[in-house]
Amino acid sequence: MARLKPEIPYAYCPGSSSLHRLPAGLKLFLFLSLSFSAFFFSLPGLLGGGALLVLGALSAGIRPGELLRGARHLVTMVLFVLAFRSFRLFPPAFTVPGFMAGIRFAATILLSFAGASLFFKVTTMTEFRESLAGAERFLAYPLICLVKPLRQEWARRLRYRLERPRLSLGIALLLGFLPQFFEIWHTVSGAYTVRAGKKGISRIIALVPMVTEGMMERAAETARALEARGLSL
């Protein structure tokens, strides 16, 4: 598979920075902690998370603005939510508490998007899958030890499934389709633009079926590759 271009949202950016070299599991934990703090600790979490994202991006040689590439429609959605929460209909009025709540919501959503973008830019899918598989084996080890002495058929089947991490494979495949979605959208959108396609809603109507077809084809290719390696979910 060709390497994704750096300008594609969520595309992996090769590098040798300290952030690139961190274990994928630790990077995932940091990303989840950042999102959690943004949602539950409001302003301090948002400010701290934003500062960490900027520092992390700069340390990895990534411009901070690149983390929001592909978020145009998301920005439109959060602006709509901001306007909806800022104005009261009956009686019509602008509300400062609603506006501030909308700002916090918008910042939280965009911070989470940027955090996920940074994670995928410094983590390969192989690293991510291996890290999840290691965590699944660690969690399953006590149960494997319990059923190992048993000779019943159900115990052997359970042990067989526990010793082969499938949940981690499913999660890795699910999240791995995010960069692939942006790659396919980028390719299809570029082809549509070259053919002088119309903008606006006509563009969305034309692109969605083609992107959906591309994702289905990519999923079928992945399924065949897994079956060829004796893997299945």
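Note that the coordinates shown come from a computational prediction; the quantities given were computed from them, not determined experimentally. (Residues numbered from 1 in each chain as written. Predicted model: local features only at pLDDT ≥ 70, side-chain atom pairs only at ≥ 80, totals over all residues. Heavy atoms only, no water.)

Caption draft 1: Spatial organisation of the packing of helix α6 (residues 125–147) against helix α8 (residues 167–194). Where α6 contacts α8, the axes come no closer than 8 Å and their chain directions differ by 150°. Taken together, the axis directions place α6 and α8 in an arrangement best described as roughly antiparallel. Crossing hand, α6 versus α8: right-handed. Of the residues in α8, those touching α6 at M125, F128, R129, L132, A133 and E136 are L167, S168, L169, I171, A172, L175 and G176. Grouping the constituent residues of the contact of α6 with α8 by class yields nine nonpolar, two polar and two charged. (Axes fitted to C-alpha atoms, helices over the stretch in contact; angles between N-to-C directions. Helix = DSSP H or I, 4+ residues; strand = E, 2+ residues; numbered from the N terminus. Parallel < 35°, antiparallel > 145°, perpendicular 65-115°, else oblique. Left-handed = near helix turned anticlockwise from the far one by under 90°. Contact = heavy atoms within 4.5 Å. Nonpolar A, V, L, I, M, F, W, Y, C, P; charged D, E, K, R; others polar.)

Caption draft 2: Representation of the packing of aromatic side chains in the model. Within this structure, the stated rule accounts for eight aromatic pairs. Judged by centre distance (5.5 Å) and plane angle (80°), the rings of F119 and F128 are edge-to-face. You'll find F119 and F128 in the same group, each marked buried. The rings of Y10, F31, F113, F119, F120 and F128 are connected pair by pair, giving a single aromatic cluster. (Phe/Tyr/Trp six-rings, centres within 6.5 Å; stacked < 30°, edge-to-face > 60°. Buried < 20%, exposed > 50% of the residue type's maximum accessible area, 1.4 Å probe, protein only.)

Caption draft 3: Region of interest: the environment of A101. Here A101 shows up in helix α5 (residues 96–121). Taking the relative accessible area as the measure of exposure, A101 reaches 14% and is therefore buried. Here the alpha-carbon distance between A101 and A223, two residues 122 residues apart in the chain, equals 44 Å.

Caption draft 4: Region of the structure containing the nonpolar core. The biggest cluster of nonpolar side chains holds 14 residues, and the ones touching the most others in it are Y10, L28, F113, F119, F128, L132 and F182. Listed by contribution, the elements that provide at least two residues to this core are α2 (24–40), α5, α6 and α8. A per-element tally of this core places α5 first, with four residues. (Core = buried A, V, L, I, M, F, W, Y, C linked by side-chain atoms within 4.5 Å.)

Caption draft 5: Local environment of the side chain of T95. Mapped onto the elements, T95 comes out in the loop between β2 (93–94) and α5. Since its relative accessible area comes to 18%, T95 is described here as buried.

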